[in-house]
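Overview (structure and organization)
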Amino acid sequence: MLLHVEDLATHFFLDEGVLRAVDGVSFDIREAETVALVGESGCGKTIVALSILKLVQWPGRIVRGRILLDGEDLIAVSTERLRQARGGEVGLIFQEPGASLNPVFTIGAQLVEVLRLHRGLTRGEARREAVRLLDDVGIPDANKRFNSYPFELSGGMRQRVAIALAVSGRPKLLIADEPTTALDVTVQAEILKLLRHIQSEYGMAILIISHDIGVVASIAERVLVMYTGRIVEEAPARTLFRAPVHPYTRGLLAATPRLGTGRGTPLAGIPGTVPDLLALPEGCTFHPRCPIGDHGCITDVPVLIELAPNHRCACYKAVPVTADVEREP
Amino acid sequence: MSDALVEISGLKTWFPMGGRWLGTRSWVRAVDDVDLHVGRGEVLGVVGESGSGKTTLGRSVLRLVEPTGGSVRFAGKEVLALGRRDLRALRRRMQIVFQDPYSSLSPRMQIRQILSEPLRLHGMVDTRGTEVKVAALLEMVGLEPYFMRRYPHEMSGGQRQRIAIARAFALEPEFIVCDEPVSALDVSVQAQVLNLLQSLQRERRVSLLFISHDLAVVERVADRIAVMHRGKIVEEGDAARVIAAPKHPYTKTLLAAVPTLP
């Protein structure tokens, strides 16, 4: 197993109270696998990504859990080792294409720095490798673009450079947090294509974080659905899109407009809104919005239960009758 | 078209770029020679990517930015020729809903004030009738009367956008420009707001210019779709036809880029 996250909890200690942004998340990522973490704003998906590299800042803190990268617990390692892992075994790209780029250095200089630091290349080797990487991520005229500053590039081109930078340390895992959200749809399609290309060429695993089910569908092999800091359903992409079980997953899919369906029937939105994380409902946090919940859901917190191999779901109403009976006192 | 409520022809909105250089000036042609019409009770979707000029188009039609040239006729009247007073009178009949409900609602006003202000400005209610009318507007967009006393920051994005919709419909306009009205919302909330907008539009037979980058969203609401690219309309037609059988290469590219769900 490349990445094993076990019972991860990251809380924010605010004046108003403790905000449980991530509260007991467990999942695995195998080598060269593409996994998507999907959910609406405020569900904690970005905090999961930041927690993996211990990038959460005060008042946030990892309060529980283990994050094993190739068996090594990243929560317990030294700062020095962490720094090595960031940009080394784990690459990271963000929503804002400029976020990982330094505006005052040329893109070439930034690539060379990472290549020398993480791969120990000489200046000359690093330059050649940087140009090769730029070319590989689809920067036209890479040799010339080597001397460009980030502001001289379009958003899509900047995101390509950010990808080059993230993969320059030959990571085993690439974490991409909403990598196409700030981009136009045509550019988004190119970046997704690039991610697939990079993935197959370098054989690394990708954890893609997105609010957009369409994006997830076009790239992920396995999908984790998050709601209020917890994973509520986990399944292979095919299963999740064809036979979603959790009422939240079903709601998300029904609410997403699909091209080519015309006006059709009105979209089925999920009633209400994502609850305030500081004032979460008791029991299943989805129950106030749930079409199938009953009084039991108000008191009992559902846990992830395996419905089929690789398919887990945290909903008492969605599992076979036997489990429902067990719940009764 | 004779039954058109809004007729846009040869509309140009250019912005000067940089300073003069040896007497010549370069221009960004945000809207460049656009012809469009919106019939009564019709929804015209305008689709385009960032920088295509779709937002400037919507604002130019309402004269929230001053067009450089061309013509916009509203119910037969030339909007671009109107003086300040006539324009204000016409604004009652033409409204706008913006993308970000947070920046389009005054943070220091309670919802009651936000919704009653346009009514008072246009002399549509007296002081006593205000409360009743505001409650009716809230009910229209599916919110409880107690929201009257709330401030925008105490509400969720979806609730704020409902308020923006209530404000736009408050004056019973004939035409509303919706500029990315659901783009800032989570998908589950987006569907609710889209459904609300659609049912109000049908009920009141309001004409909409519905601007969005999202083809799937536009397809849900539009009778006709216009595709905008670099300030120009590159394709326009019946919504189902544009989606199913696009003619312009750019429309094809745009459609092919939309991720499909299995």
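For the structure itself, look to the data block above.
Conventions and cut-offs
Residues numbered from 1 in each chain as written. Chains lettered and ligands numbered in written order. Predicted model: local features only at pLDDT ≥ 70, side-chain atom pairs only at ≥ 80, totals over all residues. Helix = DSSP H or I, 4+ residues; strand = E, 2+ residues; numbered from the N terminus. Rg over C-alpha atoms; globule rule 2.2 N^0.38 Å. Contact = placed C-beta atoms within 7 Å. Core = buried A, V, L, I, M, F, W, Y, C linked by C-beta atoms within 7 Å. Buried ≥ 20, exposed ≤ 12 C-beta atoms within 10 Å, placed from the backbone. Axes fitted to C-alpha atoms, helices over the stretch in contact; angles between N-to-C directions. Parallel < 35°, antiparallel > 145°, perpendicular 65-115°, else oblique. Left-handed = near helix turned anticlockwise from the far one by under 90°. Nonpolar A, V, L, I, M, F, W, Y, C, P; charged D, E, K, R; others polar. Pairing = 2+ DSSP bridges.

**A look at the overall build of chain A**
Counting its secondary structure elements, chain A contains twelve helices and twelve strands. By the compact-globule yardstick of 20 Å for 329 residues, chain A fits well, its C-alpha radius of gyration being 21 Å. Dimensions of chain A, computed from C-alpha atoms along their principal axes, come out at roughly 70 × 50 × 40 Å. Residue pairs at least 24 apart in sequence account for 62% of intrachain contacts in chain A once pairs closer than 6 positions are excluded.

**So, the nonpolar core**
In terms of nonpolar packing, the biggest core is built from 171 residues, with A:L207 and B:F210 touching the most fellow members. It is helix 6 (residues 155-167) of chain A that provides the largest number of residues to this core, a total of eight residues. Setting aside chain neighbours within four positions, we find B:F210 in contact with B:V43, B:L44, B:G45, B:V46, B:C178, B:V218, B:V221 and B:A222.

**Concerning the packing of helix 10 (residues 247-255) of chain A against helix 7 (residues 187-204) of chain B**
Relative placement of two packed helices is described by the angle separating their axes and the distance separating the axes. The contact between helix 10 of chain A and helix 7 of chain B brings their axes to 8 Å, and the two run at 50°. Overall, the two elements helix 10 of chain A and helix 7 of chain B adopt an arrangement that is oblique. Between helix 10 of chain A and helix 7 of chain B lies a crossing of left-handed hand. Listed contacts from helix 7 of chain B to A:G251, A:L252 and A:A255 of helix 10 of chain A are B:V187, B:S188, B:Q190 and B:A191. Considered class by class, the residues forming the contact of helix 10 of chain A with helix 7 of chain B number four nonpolar, three polar and no charged.

**Observations regarding the sheet that holds strand 9 (residues 222-227) of chain A**
Residue and element names in this part refer to chain A. Here eight strands make up an open sheet; going across it, the order is 6-7-8-3-9-10-12-11 and the pairing mixed. Looking at which strands have only one partner, the edges of the open sheet turn out to be strand 6 (90-93) and strand 11 (305-308). Mean inter-strand twist for the sheet, computed between neighbouring axes without regard to direction, equals 20°. In this structure, strand 3 (residues 34-38) lies alongside strand 9, joined through four bridges in parallel fashion. Across the sheet, residue V35 finds its bridge partner in strand 9, namely R222. Strands in contact with helix 6 are strand 6 and strand 7 (173-177); relative to strand 6, the strand with the most contacts, it is inclined by about 165°.

**A few points about the environment of B:L208**
Residues and elements named next belong to chain B. You can see L208 is positioned in strand 8 (residues 207-212). Given 24 C-beta atoms within 10 Å, L208 falls into the buried group. As a C-alpha pair, L208 and P67 span 141 residues in sequence and 20 Å in three-dimensional space. Setting aside chain neighbours within four positions, we find L208 in contact with V43, I176, C178 and Q201.

**Details of the interface of chain A and chain B**
Contact residues are listed per partner, giving 32 residues for chain A and 29 residues for chain B. Every element with two or more residues in the side of chain A that touches chain B is listed here: helix 7 (185-202), helix 8 (213-217), helix 9 (237-242) and helix 10 of chain A. Its residues placed into classes, the side of chain A that touches chain B shows 15 nonpolar, twelve polar and five charged.

**What to know about the sheet that holds strand 6 (residues 94-97) of chain B**
Residues and elements named next belong to chain B. One open sheet holds the six strands; their spatial order is 6-7-8-3-9-10, and the pairing between them is mixed. One side of each edge strand has no neighbouring strand; the edge strands of this open sheet are strand 6 and strand 10 (232-238). Taken pair by pair, the neighbouring strands of this sheet meet at an average axis angle of 15°, ignoring direction. With five bridges joining them, strand 7 (residues 175-179) and strand 8 adopt parallel strand pairing. Of the residues in strand 8, the one forming a bridge with I176 is L208. Lying over the sheet, helix 1 (residues 54-61) contacts strand 3 (43-47), strand 7, strand 8 and strand 9 (224-229), oriented at roughly 155° with respect to strand 8.

**Here we look at unusual backbone geometry**
Residue and element names in this part refer to chain A. Cis geometry marks the peptide bond from W58 to P59; its omega dihedral reads 10°. Position of P59 relative to the elements: it lies in the loop between helix 1 (45-52) and strand 4 (60-69). A positive phi angle, close to 55°, is found at K54, a residue other than glycine. In this fold, K54 is placed in the loop between helix 1 and strand 4. You will see that E178, though not glycine, has its phi angle at about 50°, which is positive. Here E178 is to be found in the loop between strand 7 and helix 7.

**Things to note about the pairing of strand 2 (residues 17-29) of chain A**
All names here are of chain A. Inspection of the sheet shows strand 1 (residues 3-14) paired to strand 2 by ten bridges, in the antiparallel sense. Each residue of the ladder has a partner; that of H11, found in strand 2, is R20. Between the end of strand 1 and the start of strand 2, which pair antiparallel, lie two residues.

This is a description of form; function is not addressed.
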